[in-house]
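Architecture and fold: a report
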Amino acid sequence: MATFLYKLGRLAFRRRHFVALIWVALLTLAGVGAASAPTAGTTSFSIPGTEAQKAFDLLEERFPGMSADGATARVVFKAPAGEKMTDAGNKATVKETVRELSDGSEVAAVADPYAAKAVSEDGAIAYAQVTYKVSGMELADSSREALEEAAQEAREAGLTVEVGGDALQTTPETGSTEIIGIAVAAVVLVITFGSLLAAGLPLLTAIIGVGIGVATITALASTLDLGSTTSTLATMIGLAVGIDYALFIVSRYRAELAEGREREEAAGRAVGTAGSAVVFAGLTVVIALVGLAVVNIPMLTKMGVAAAGTVAIAVLIALTMIPALLGHAGRKVRPAGEKSKLLGGGRASAAREQGRPNMGTRWASFVVRRPVAVLLLGVLGLGAAAVPATSLELGLPDDGSQPTSTTQRRAYDLLSDGFGPGFNGPLMIVVDAKSSDDAEGAFGEVADEIKGLENVVTVTPPAPNKAGDTATITVIPDSKPSSVTTEELVHSIRDAGTGIKAVTDAEVLVTGATAMNIDVSQKLNDALVPYLILVVGLAFLLLIVVFRSILVPLKAALGFLLSVMAALGAVVAVFQWGWLAGLMGVEETGPVMSMMPIFMVGVVFGLAMDYEVFLVTRMREAYVHGEKPSQAVVTGFRHGARVVTAAAVIMMAVFAGFIGSSEAMVKMIGFGLAIAVFFDAFVVRMAIVPAVLALLGKRAWWLPKWLDRALPNVDVEGEGLRTKTDRDDEDRELVHA
């Protein structure tokens, strides 16, 4: 592989104009596709195979005009102080609002608050339920605008009016912190390279790669049902790895220049060595993201594949566009240890002139001398950070997790005040009595059974369909939708339904947004272990090929588990317990997003392997060329610690930039990934890894002879390049002789 990538790097360097033109053309093509594509809505949580989805499908079949999966909106009215919603003037305003809402072409039905008894006991709050014929993703902008206009007219009449539900969608805002994250990345690159131009190359190529990836996602969003969160996550991951991969190759290029090689040769060797590490690091990220498909949740699969595509683009750009741009830059990109005139006059650094060891060398030497102490401190520290994860509660975000500045959150709070917290998460019970001898009796028995359960406030009378073989019952819990108590109620109803079916042959199904969220969480929990085995197993095999060792990949996998558990602990502490919640902009604590553990496992594992591959391949390279194991650890840090540190800080800055998002899911993922990178890069890879390798010595690189013969030789260390260069040098010496 090293030889192939070496040739690719030299070719891209020589044909730099052509290579740059191809990438610019791809960016333009993707941009045109994105600009001409129809706007996509928010990805739905339709989950095949769950009981909630089965009930939705049954409703579509037995209640054809019901629009069971149609968008809904709750227009919540609050009377001015000292007045009631039953007062004549307020009642007239609400009636007029209901009439206006009913005129929409996509509106299936609007429930009059007074006819539906949707007025609170104290008369202060009322709501009108609007049901649409199409889902929230398919709802036209004109319908949303009509909803907002009707609410605004009621406000002008003197009422407090807020709108909740999935019909009114808001576009997530990332805020200024995302820009700050990119600015931090730029500063770190300038400090690392000592050159504005060298620092600008990784940023430029990462932005181009993300631009192509996100534009492609936008162009296909409507066709493939990709929501706004998909492109946000692709941006987050693509930008981080794009900068890192380019950083690795530019850094190696400058190191090759410092050894006296010509620029084209240096570009080829940089791509052949650091590029090999980039390919395998990118491959682990892609495996982890595409592996999300095993969860069998369409939304998560699409997010993973889209992000994986962006990572693949980042790898290709690093291997081709970086050497092309290095060719354009010429002598403006200086050898390692030299600064640009703007940042220091082009002099070699004092440390280089005096032969003083750099920080990476000094740290690695310290770890090698005291491996047991460093190992224990690192493991105990991560273990302490992971303690909050033992109380992890999972759920999916609803309007209650929205910022208080949004109308959805204010509508949620008004409904809780007027009707109780469970009113925001009603459960829909579907009773399929087609096989029952007494359908009406089965409907009544189900309703009576549910009334006797704990945490039930209201049970509506059964509403049968025209055929009389299926009925719906609405249940209002006494607790908010995302609470553990509501989840227990759903399980209690399902358990009761099992007994009812044995007696009446009627099947009881629980559905609705709350039940769907519970089913999604359960599906994610059930898939976590198989997913972990699949992803870690495949990456373990891949790393055996890369490092030609059993213990090094095993240590990499165990270190990853430590860092991801510690990161989950930090997420629980902030988003569930509320520690530092104000600093992070978390307005509402509650259960951790149910897809967070499995998503963090996938993404963090892939990113963790970036540092593992880049840092440890340098160590193996030194060991293969004759250095003692402990000295190889120090050599690896001397060449790689600065770059890995810069890469980790950049990745943390990019991820942390998304903490400013207004969407709870994006905020949580941004924080979780940023803290996970911190733990993995600075505790696991910078402390635990060298400590373990120092303790293992030569055993770290042990591989059974039969396995060594069976494995393909991918030559990540560039041994083939070194051999080729040595032969070329010998040939030149003979010619000169």
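Just above, that's the structure.
Basis of the calculations
- Residues numbered from 1 in each chain as written.
- Predicted model: local features only at pLDDT ≥ 70, side-chain atom pairs only at ≥ 80, totals over all residues.
- Heavy atoms only, no water.
- Helix = DSSP H or I, 4+ residues; strand = E, 2+ residues; numbered from the N terminus.
- Buried < 20%, exposed > 50% of the residue type's maximum accessible area, 1.4 Å probe, protein only.
- Expected span 1.5 Å × (residues − 1).
- Bend = angle between axes of the 7 residues up to and from the residue.
- Pairing = 2+ DSSP bridges.
- Axes fitted to C-alpha atoms, helices over the stretch in contact; angles between N-to-C directions.
- Contact = heavy atoms within 4.5 Å.
- Phe/Tyr/Trp six-rings, centres within 6.5 Å; stacked < 30°, edge-to-face > 60°.
- Lys NZ or Arg CZ within 6 Å of the ring centre and 35° of its normal.
- Core = buried A, V, L, I, M, F, W, Y, C linked by side-chain atoms within 4.5 Å.
- Left-handed = near helix turned anticlockwise from the far one by under 90°.
- Nonpolar A, V, L, I, M, F, W, Y, C, P; charged D, E, K, R; others polar.
- Polar contact = N/O pair within 3.5 Å; in protein donor to acceptor, adjacent residues only side chain to side chain.
- Patch = residues over 30% accessible without salt bridge, like charges linked within 9 Å, V, L, I, M, F, W, Y side chains within 5 Å.
- Areas by Shrake-Rupley, 256 points an atom, 1.4 Å probe, with all protein chains shown as cover.
- Salt bridge = Lys/Arg side-chain N within 4 Å of Asp/Glu carboxyl O.
- Lys, Arg positive; Asp, Glu negative; His and termini not counted.
- Charge placed at Lys NZ, Arg CZ, Asp CG, Glu CD.

If you check the backbone angles, Lys117 has positive phi at about 55 degrees while not being a glycine. Here Lys117 shows up in the loop between β2 (107–111) and β3 (125–132). Phi angles above zero are rare outside glycine, and Arg548 is one such case at about 50 degrees. Relative to the helices and strands, Arg548 is located in the loop between α18 (513–547) and α19 (551–576). A residue is classified by how much of its surface remains accessible, and Arg548, at 12% relative accessible area, is buried.

This part takes up α18. Spanning 35 residues, α18 covers 48 Å between terminal C-alpha atoms, matching the ideal 51 Å at 1.5 Å per step. Roughly 40 degrees is the biggest bend found in α18, and it falls at Leu528, with proline Pro530 one to four residues downstream. Just beyond α18, the residue with positive phi is Arg548, at close to 50 degrees.

A few words now on the sheet that holds β2. Here four strands make up an open sheet; going across it, the order is β2-β3-β1-β4 and the pairing antiparallel. Whereas interior strands pair on both sides, the edge strands pair on one side only; in this sheet they are β2 and β4 (160–164). Adjacent strand axes in the sheet meet at a mean angle of 20 degrees when their direction is disregarded. In the packing of helix α4 (residues 88–102) onto the sheet, contacts are made with β1 (72–78), β2 and β3, and the angle to β2 comes to roughly 170 degrees. Strand contacts of helix α15 (residues 407–419): β1, β3 and β4, with the helix running at about 105 degrees to β4, the strand carrying the most contacts.

Here we take up the packing of aromatic side chains. Following the criterion strictly, the structure yields nine aromatic pairs and no others. Arranged with centres 5.5 Å apart and planes meeting at 90 degrees, the rings of Tyr127 and Phe419 form a pair that is edge-to-face. Highlighted residues: Tyr127 in strand β3 and Phe419 in helix α15, separated in sequence by 292 residues. Here Tyr127 falls in the buried class, since its relative accessible area comes to 13%. When the ring centre of Phe13 is taken as origin, the NZ or CZ atom of Arg16, which lies over that ring, is 5.3 Å away. We note Arg74 situated over the ring of Tyr127; from NZ or CZ to the ring centre the distance is 5.3 Å.

Tyr245, Ile429 and Phe599 are the most contacted members of the largest nonpolar core, which totals 190 residues. For this core, the element with the highest residue contribution is helix α23 (residues 664–696), accounting for 19 residues. Among all residues touching Phe599, those that are not within four sequence positions of it are Leu233, Ile237, Leu292, Leu300, Met303, Ile669 and Leu673. Counting 26 residues, the second largest nonpolar core, distinct from the first, contains Val75, Ala126, Val161 and Val163.

Looking now at the packing of helix α14 (residues 371–386) against α23. Running from N to C, α14 and α23 point in directions that differ by 145 degrees, and their axes come no closer than 8 Å. As α14 packs across α23, the resulting crossing turns out to be left-handed. Packed against α14, whose contacting residues are Pro371, Val372, Val374, Leu375, Gly378, Val379, Leu382 and Ala385, the element α23 presents Phe679, Val683, Val684, Ala687, Ile688, Ala691, Val692, Ala694 and Leu695 at the interface. Residues that form the contact of α14 with α23 fall into these classes: 16 nonpolar, one polar and no charged.

Right, let's talk about the side chain of Arg620 for a bit. Its place among the elements puts Arg620 in helix α21 (residues 596–624). Among the polar contacts made by the side chain of Arg620, one reaches the main-chain carbonyl oxygen of Phe547 at a distance of 3.3 Å.

Bringing a negative patch on the surface into the picture now. Together, Glu145, Glu148, Glu149, Glu153 and Glu156 make up a negatively charged patch on the protein surface. A relative accessible area of 44% places Glu145 in the partly exposed class.

It is worth spelling out the pairing of strand β9 (residues 470–477) at this point. Along β9, seven of the eight residues are buried, which leaves the element largely enclosed by surrounding structure. For strand β6 (residues 427–432) and β9, the ladder comprises six bridges, and the chain directions are antiparallel. What sits directly across from Val431, in β9, is Ala471. Sheet topology places strand β7 (residues 456–459) next to β9; three bridges connect them, and they run antiparallel. Along β9, the bridge assignment pairs Val459 with Val475. In this sheet, β9 lies alongside strand β8 (residues 463–464) in antiparallel orientation, the contact comprising two bridges. When the sheet's bridge partners are listed, Pro464 is paired in β9 with Ala471. The loop that links β8 with its antiparallel partner β9 comprises five residues; one of these, Gly468, has a positive phi angle of about 75 degrees.

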